[in-house]
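So you can see what is in the structure, the chains are spelled out below.
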Amino acid sequence: MEPLKEDEEYSYREVVLPSLIPVVVEPELERENGERRRGRDVIVAVDHGPNSKHAFDWALVHFCRLADTLHLVHAVSSVKNDVVYETSQALMEKLAVEAFQVAMVKSVARVVEGDAGTVICKEAERVKPAAVIMGTRGRSLVRSVLQGSVSEHCFHNCKSAPVIIVPGKEAGDESIVDWTRSGDPKP
């Protein structure tokens, strides 16, 4: 995976999220600093896998706060393929509703075309987020080094934001959102 050069263009399609999600009014807290009142931009790289969902859940519980904007980014092989786009749109709509229900954050979504690692880094350059959050595929260290991985590529090439790589469920956490909804803190 080569880094995207500054002058290279890439294709994308904005995802129109459901209008049933109310607009979150920015809090007017005098004691808070300006960043808190304005909120931060946070990129979460998503796909249809369980580790991506786990990273999304982690971001909602551990990172996002009121007034933040969650940028959902999904890399695909072609944005012109309507079946791929509609499947991605359905996923992002579901995640946007969940983000509002769990953390009361607003979401914007974009389906980008190209190599996942490269276009995620390009989106980070465009958005200038507080962080880029993504899951792992669950490969062993040796396989990841030999075959390459999106998270590894972003870790080394995203220069405009810190990259947070959330280990998969098998690494220890069961389902982050499930235990927080029940109200019983996990020991």
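In this report, the structure presented in the accompanying data block is examined. (Residues numbered from 1 in each chain as written. Predicted model: local features only at pLDDT ≥ 70, side-chain atom pairs only at ≥ 80, totals over all residues. Heavy atoms only, no water.)

1. A closer look at the pairing of strand β4 (residues 106–113)
Bridging between strand β1 (residues 12–15) and β4 involves four bridges; their strand directions are antiparallel. Paired with Y12 across the strands is V112, a residue of β4. Looking at chain direction, strand β3 (residues 69–76) and β4 are connected through eight bridges and run parallel. Residue pairing across strands places V76 opposite E113, the latter belonging to β4. With respect to chirality, the unit in which β3 leads through helix α3 (residues 82–103) into the neighbouring parallel β4 is right-handed. (Pairing = 2+ DSSP bridges. Helix = DSSP H or I, 4+ residues; strand = E, 2+ residues; numbered from the N terminus. Right-handed = clockwise from strand over helix to strand, strands pointing away.)

2. Here we look at the nonpolar core
V44, F56, L70, L72, M92 and I133 are the most contacted members of the largest nonpolar core, which has 28 residues in total. Of the residues forming this core, the biggest block, seven residues, is contributed by α3. Among residues more than four places away in sequence, those in contact with F56 are V44, L70, L72, L95, E98 and A99. One finds A45, V73, I120 and C154 within the second-largest nonpolar core, a separate group that totals 16 residues. (Core = buried A, V, L, I, M, F, W, Y, C linked by side-chain atoms within 4.5 Å. Buried < 20%, exposed > 50% of the residue type's maximum accessible area, 1.4 Å probe, protein only. Contact = heavy atoms within 4.5 Å.)

3. With respect to the packing of helix α2 (residues 50–63) against α3
Relative orientation of the contacting elements α2 and α3 amounts to 30 degrees, with a least axis distance of 10 Å. If you check the angle between α2 and α3, you find them roughly parallel. Seen from above, α2 lies across α3 with right-handed handedness. Across the interface between the two elements, K53, F56, D57 and L60 from α2 touch L95, E98, A99, V102 and A103 from α3. In terms of residue class, the contact of α2 with α3 is built from six nonpolar, no polar and three charged. (Axes fitted to C-alpha atoms, helices over the stretch in contact; angles between N-to-C directions. Parallel < 35°, antiparallel > 145°, perpendicular 65-115°, else oblique. Left-handed = near helix turned anticlockwise from the far one by under 90°. Nonpolar A, V, L, I, M, F, W, Y, C, P; charged D, E, K, R; others polar.)

4. Regarding the side chain of S151
Along the chain, the position of S151 falls in helix α6 (residues 150–157). Residue S151 is classed as buried on the basis of its relative accessible area, which comes to 11%. Those residues within four positions of S151 in sequence are excluded, and the remaining contacts are M134, G135, T136 and I165.

5. Looking at the side chain of S149
The topology assignment puts S149 in the loop between α5 (141–147) and α6. Given a relative accessible area of 15%, S149 falls into the buried group. Reaching out from S149, the side chain makes a polar contact with the side chain of S151 at a distance of 3.5 Å. (Polar contact = N/O pair within 3.5 Å; in protein donor to acceptor, adjacent residues only side chain to side chain.)

6. Quick word on the pattern of salt bridges
The final tally for this structure, using the stated rule, is eight salt bridges. By sharing partners, the salt bridges in this structure join E14, R110, E123 and R126 into a single network. (Salt bridge = Lys/Arg side-chain N within 4 Å of Asp/Glu carboxyl O.)

7. Looking at the sheet that holds β3
The six strands lie next to each other as β1-β4-β3-β2-β5-β6, forming an open sheet whose pairing is mixed. Lying at the two open borders of the sheet, with one neighbouring strand each, are β1 and β6 (163–166). For this sheet, the mean inter-axis angle between neighbouring strands, taken without regard to orientation, is 25 degrees. Packing of α2 onto the sheet brings it into contact with β2 (41–45), β3, β5 (131–135) and β6, and relative to β5 it is tilted by some 140 degrees.

8. Regarding helix α4 (residues 116–127)
Here α4 spans 16 Å end to end across twelve residues, near enough to the 16 Å set by a 1.5 Å rise per residue. The element α4 is extensively covered by neighbouring structure, given that nine of its twelve residues are classed as buried. Every buried residue belonging to α4 is among G117, T118, V119, I120, C121, K122, E123, A124 and V127, and all of these are buried. On the buried face of α4, the contacting elements are β2, β3, β4, β5 and α6. Count one or two residues on from α4 and you reach K128, which has phi positive near 55 degrees. (Expected span 1.5 Å × (residues − 1).)

9. Re the packing of α4 against α6
Running from N to C, α4 and α6 cross one another at 40 degrees; their axes reach a closest spacing of 8 Å. By the angle class used here, α4 and α6 are oblique. Crossing geometry of α4 relative to α6 is assigned as right-handed. For the pair formed by α4 and α6, the contact residues are A116, G117, T118, I120 and C121 on the first element and V150, H153, C154 and N157 on the second. Partitioning the contact of α4 with α6 into residue classes produces five nonpolar, four polar and no charged.

Note that every value here comes from positions in space, so none of it alone points to a role or purpose.
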